[in-house]
Amino acid sequence: MFHFLKKTTVAIHHQHSLENFEGKPSLKINPRSKRIVFRCDQKTGKPVIVLPSSFYLKKINTYEASYHQWYANLKINPPRTLSTGSSFPYKGTPHLLNFTQEKLYSTPQIIHDDGIFIIKGRAEKDLGPALKNYLVAAALDYAMEKSHLYAHKLGVELTHIAVKDMKTMWGRCMRGKDLCYNWRLILAPPEIFDYVCAHEVSHCIHPHHQPAFWKLVSSFFPRAKESRLWLKKHGPELMMYQF
Ligand SMILES: [Zn+2]
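Residues numbered from 1 in each chain as written. Predicted model: local features only at pLDDT ≥ 70, side-chain atom pairs only at ≥ 80, totals over all residues.

Caption draft 1: Main features of unusual backbone geometry. Backbone geometry places K91, a non-glycine residue, at a positive phi of 50°. As for its placement among the helices and strands, K91 is situated in the loop between β5 (87-90) and β6 (93-101). Judged by C-beta crowding, with 15 C-beta atoms within 10 Å, K91 ranks as partly exposed. For R175, which is not glycine, the phi torsion reads 55° and is therefore positive. Mapped onto the elements of the fold, R175 is located in the loop between β10 (171-174) and β11 (178-182). (Helix = DSSP H or I, 4+ residues; strand = E, 2+ residues; numbered from the N terminus. Buried ≥ 20, exposed ≤ 12 C-beta atoms within 10 Å, placed from the backbone.)

Caption draft 2: Structural view of the nonpolar core. The biggest cluster of nonpolar side chains holds 35 residues, and the ones touching the most others in it are A139, L185, I186, F193 and V196. Only β8 (116-121), α3 (127-154), β9 (160-164), β11 and α4 (190-203) provide two or more residues apiece to this core. If one sorts the elements of this core by residue count, α3 sits on top with 8 residues. Beyond its immediate chain neighbours, meaning those up to four positions away, F193 contacts Y142, K146, L185, I186 and A188. (Core = buried A, V, L, I, M, F, W, Y, C linked by C-beta atoms within 7 Å. Contact = placed C-beta atoms within 7 Å.)

Caption draft 3: Here's a closer look at the packing of α3 against α4. At their nearest, the axes of α3 and α4 sit 9 Å apart, and the two run at 45° to each other. With respect to their mutual orientation, α3 and α4 come out oblique. Between α3 and α4 lies a crossing of right-handed hand. Touching Y142, A143, K146, S147, Y150, A151 and L154 of α3 are F193, D194, C197, A198 and V201, all from α4. Of the residues belonging to the contact of α3 with α4, the class tally is 9 nonpolar, 1 polar and 2 charged. (Axes fitted to C-alpha atoms, helices over the stretch in contact; angles between N-to-C directions. Parallel < 35°, antiparallel > 145°, perpendicular 65-115°, else oblique. Left-handed = near helix turned anticlockwise from the far one by under 90°. Nonpolar A, V, L, I, M, F, W, Y, C, P; charged D, E, K, R; others polar.)

So this is what it looks like as structure tokens:
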């Protein structure tokens with residue numbers, strides 16, 4: 001029943017509504033989604049509009065303007081895919097990427113040195129996935145260390161900490177004790193990652209954004225406001241890195 005609805009919805013929008021959309025986006029329905037998400041397909045780089053399944057009842061002009069705004073920003077900050085010689089930020093510092101072919105290596109090896117990542121492997125196409133694994137692991141280590149530090153300060157107990165490929169969020173606190181972070185925070189300066197950890201741990205006590213929540217965050221993380229502004233300004237650039 002749900003699948004039928006999904007197919008019908010996509011067909012209707014494609015036929016009648018997406019012709020005037022820049023970049024020719026494709027439509028996807030995500031029944032678990034509660035709002036519209038604009039993103040780029042990780043493999044093709046083409047724009048995708050993800051709609052909640054209930055959205056088929058609404059008219060396309062309700063999200064047309066915000067799509068065009070998002071697409072205009074995409075042209076200024078295009079998705080960045082990495083190859084040898086390109087650079088990307090790691091903990092806020094630019095790092096150069098270097099690939100060396102080693103035909104005997106079944107699993108790519110990563111050497112992280114001052115300002116450079118050297119990846120040794122069979123083929124350059126393995127570079128992206130290998131680097132992403134490395135960065136996800138580094139992000140998890142960092143998130144664990146900082147989250148436990150702040151949880152200890154606030155006297156809260158955490159049950160689970162995870163790092164994921166989140167498309168629209170930097171962090172999330174579930175059930176007042178499970179935390180989840182966007183792995184791309186490892187690209188940002190450490191202070192920014194620290195802030196998101198302080199923010200999410202504070203949600204274990206205050207599961208909202210009322211004044212009491214912000215008062216708690218700034219009581220042990222004084223530069224919360226500056227970090228928030230940094231994320232607002234530079235966050236979209238970090239989201240464009242695709243590995
Ligand atoms: Zn929050």
